[in-house]
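# Structural description and commentary
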Amino acid sequence: MSDAITIGVDHGYAAMKTTHCAFPTGLVEYEHEPYTQQDVLENSGKFYVVGSGRQPLQKDKTATEDYYLLTLAAIARELAHRGAEPTAAIHLAAGLPLTSFGRDKKKFRAYLLRDGKPVSFRYEGIAYTVTIAEVSLFPQGYAAVLTQQELLDEPSVIVADIGGWTVDLMRLDNRIPNAATCRSLELGMIRCLDEIAEQVRRSLGLSMTAAQIESALRGDTGSIDETARDIIHREAGAYVRRLLSAITESGLNAHAMPAVFLGGGAALLKRHVSATDGLFRPLILDDVCLNAKGYERLVGQLRRNSGN
């Protein structure tokens, strides 16, 4: 176990993230080998293009093999980024929303661990043999905030992890999650992007892709119709107001204590959240890989505390 490589993986509805990589949570199966090896995972004689399209919503991520296959792709990408050998033992660090942590922890750990047996696959033409020797699970959002030392001295902090499908809320009191405040709202970025696309279609008759809308939200300069760009930012502002209202209705007052926004949605909505008046101290953590980094950091802390 001491030789295992720790890899943090954030299993999002919209994107998979490791500490150094992020890609859309898309998976398309092919009966025969595709014309390119880019983003191609080969496992058990089947071929999958990873990161293509959007996965159907899976509230139970263990219901199909999709998230396991995406995990293998994430491990391969992270090993390649680190220049590590393709044959390795892995200590997988992952997370679950605090609202479902106790209920789903055992099942999700078994789903990822697969009895600790080696698995062989190919990714982008490279042969990998990885053994997931251990799986450690942590509350998502909370793990990311623990990387921000300046926040930990605040007596109370609101954490809003804006994911693809859900926004996971909690309040930290003296660094400890208050379980009674945890909520999971179905107000993630997929809802926001779909609503923006619908408004552009209604107003201009244009069918814009999620990639185009995300590019505009990031402030990228590109060949997007200026009227469409205005609609995108107008609707993003309306989404932020709905989100803040939902946070207040959940019993968390962002006007009275610091509010931390993180996840892929925070990265896209940074300019709209920071421009919102009346928030006590909004902090936007726009690193989409922050949860994965937090998971790895927590594994390191647990190892040091145990003397390993």
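Refer to the structure presented above.
Figured I'd write up the structure that's included with this text. All values reported here derive from a predicted model rather than from experimental measurement.

### Some details on the sheet that holds strand β2 (residues 10-11)
Sheet strands pair by backbone hydrogen bonding; their relative direction is either parallel or antiparallel. Across the sheet, three strands lie side by side as β2-β3-β4; this open sheet has antiparallel pairing. Since the sheet does not close on itself, it has two edges, and those belong to β2 and β4 (22-24), each with one partner. In this structure, strand β3 (residues 15-17) lies alongside β4, joined through three bridges in antiparallel fashion. Following the sheet pairing, M16 is matched in β4 by F23.

### So, the sheet that holds strand β10 (residues 126-139)
One open sheet holds the seven strands; their spatial order is β1-β8-β10-β9-β6-β7-β5, and the pairing between them is mixed. With partners counted over all chains shown, the strands left at the sheet margins are β1 (5-8) and β5 (27-30), one partner each. Direction aside, the axes of adjacent strands within the sheet are offset by 40° on average. In this sheet, strand β7 (residues 46-50) lies alongside strand β6 (residues 40-43) in antiparallel orientation, the contact comprising four bridges.

### A word on the side chain of T71
Along the chain, T71 falls in helix α1 (residues 66-82). Sequence-distant contacts of T71, that is, excluding residues within four places in its chain, are made with H11, M16, L92 and L112.

### Section: the pattern of salt bridges
Inspection of every chain in the model, using the stated rule, returns 18 salt bridges. The salt bridge partner of R175 is D153, with a shortest N-O separation of 3.4 Å. You can see R175 sitting in the loop between β12 (167-173) and β13 (176-185) and its partner D153 sitting in the loop between α3 (142-145) and β11 (156-162), a full 22 residues away along the chain. The exposure class assigned to R175 is partly exposed, which follows from its relative accessible area of 37%. Since its relative accessible area comes to 63%, D153 is described here as exposed. Measuring nitrogen to oxygen at the nearest pair gives 2.7 Å for the salt bridge that ties E154 to R281. Remark: R281 occurs in strand β15 (residues 281-284) and E154 occurs in the loop between α3 and β11; sequence separation between them is 127 residues. On the accessibility criterion, E154 (22% relative accessible area) is partly exposed. Assessed through its relative accessible area of 32%, R281 is described here as partly exposed. Each of E78, R82 and E296 takes part in salt bridges that share partners, so that together they form one network.

### A short note on the state of the cysteines
Tallied over the full model, the rule gives zero disulfides. C21 forms no disulfide, and the closest cysteine sulfur to it belongs to C289, at a distance of 7.4 Å. For C21, a relative accessible area of 13% translates into the label buried.

### Focus on the packing of aromatic side chains
Each aromatic ring pair is characterised by the separation of its centres together with the angle its planes make. If you walk through the whole model with that rule in mind, you get four aromatic pairs. Pairing Y68 with Y111 gives two aromatic rings, centres 6.3 Å apart and planes at 75°, and the pair type is edge-to-face. Within this pair, whereas Y68 is found in helix α1, its partner Y111 is found in helix α2 (residues 101-113), the two being separated by 43 residues in sequence. In this pair, the class of Y68 matches that of Y111, namely buried. Against the face of Y13 rests K61, its NZ or CZ located 4.5 Å from the ring centre. The ring centre of Y68 lies 3.8 Å from the NZ or CZ of R114, which sits over that ring.

### A closer look at unusual backbone geometry
With the exception of glycine, most residues fall at negative phi, and the peptide bonds are largely trans. Positive phi outside glycine occurs at S44, with the angle close to 55°. With respect to the helices and strands, the residue S44 is situated in the loop between β6 and β7. Exposure remark for S44: the relative accessible area of 66% places this residue in the exposed category. We note that R175 has phi near 80°; this positive angle belongs to a residue other than glycine.

### Some remarks on α2
Two residues of an α-helix separated by three or four positions point the same way, owing to the 3.6 residues in each turn. Its 13 residues give α2 an end-to-end C-alpha distance of 17 Å, which sits within 8% of 18 Å, the value for a rise of 1.5 Å per residue. At K107, α2 shows its largest kink, close to 25°. Among the residues making up α2, those that are buried are F101, D104, F108, Y111, L112 and L113. Looking one or two residues beyond α2, the residue adopting positive phi is R114, at roughly 50°.

### Things to note about empty space enclosed by the protein
Throughout the structure, instances matching the rule amount to two cavities of 30 Å³ or more. Considering the residues around the largest cavity, the lining is formed by V145, L151, L152, E154, P155, V157, L172, N174 and R175. Here the lining of the largest cavity is composed, by residue class, of six nonpolar, one polar and two charged. A volume near 30 Å³ is recorded for the second largest cavity. Residue lining of the second largest cavity: P97, L98, T99, Q140, D168, L169, M170, C182 and R183, and that is the complete set. If you list the elements that add at least two residues to the lining of the second largest cavity, you get β12 and β13.

Calculation criteria
Residues numbered from 1 in each chain as written. Predicted model: local features only at pLDDT ≥ 70, side-chain atom pairs only at ≥ 80, totals over all residues. Heavy atoms only, no water. Pairing = 2+ DSSP bridges. Helix = DSSP H or I, 4+ residues; strand = E, 2+ residues; numbered from the N terminus. Axes fitted to C-alpha atoms, helices over the stretch in contact; angles between N-to-C directions. Contact = heavy atoms within 4.5 Å. Salt bridge = Lys/Arg side-chain N within 4 Å of Asp/Glu carboxyl O. Buried < 20%, exposed > 50% of the residue type's maximum accessible area, 1.4 Å probe, protein only. Disulfide = S-S within 2.5 Å. Phe/Tyr/Trp six-rings, centres within 6.5 Å; stacked < 30°, edge-to-face > 60°. Lys NZ or Arg CZ within 6 Å of the ring centre and 35° of its normal. Expected span 1.5 Å × (residues − 1). Bend = angle between axes of the 7 residues up to and from the residue. 1 Å grid on protein atoms, 1.4 Å probe; cavity = no way out; pocket = protein on both sides within 12 Å on 5 of 7 lines; lining within 4 Å. Points joined across faces, edges and corners; volume = space filled by probe spheres on them. Nonpolar A, V, L, I, M, F, W, Y, C, P; charged D, E, K, R; others polar.

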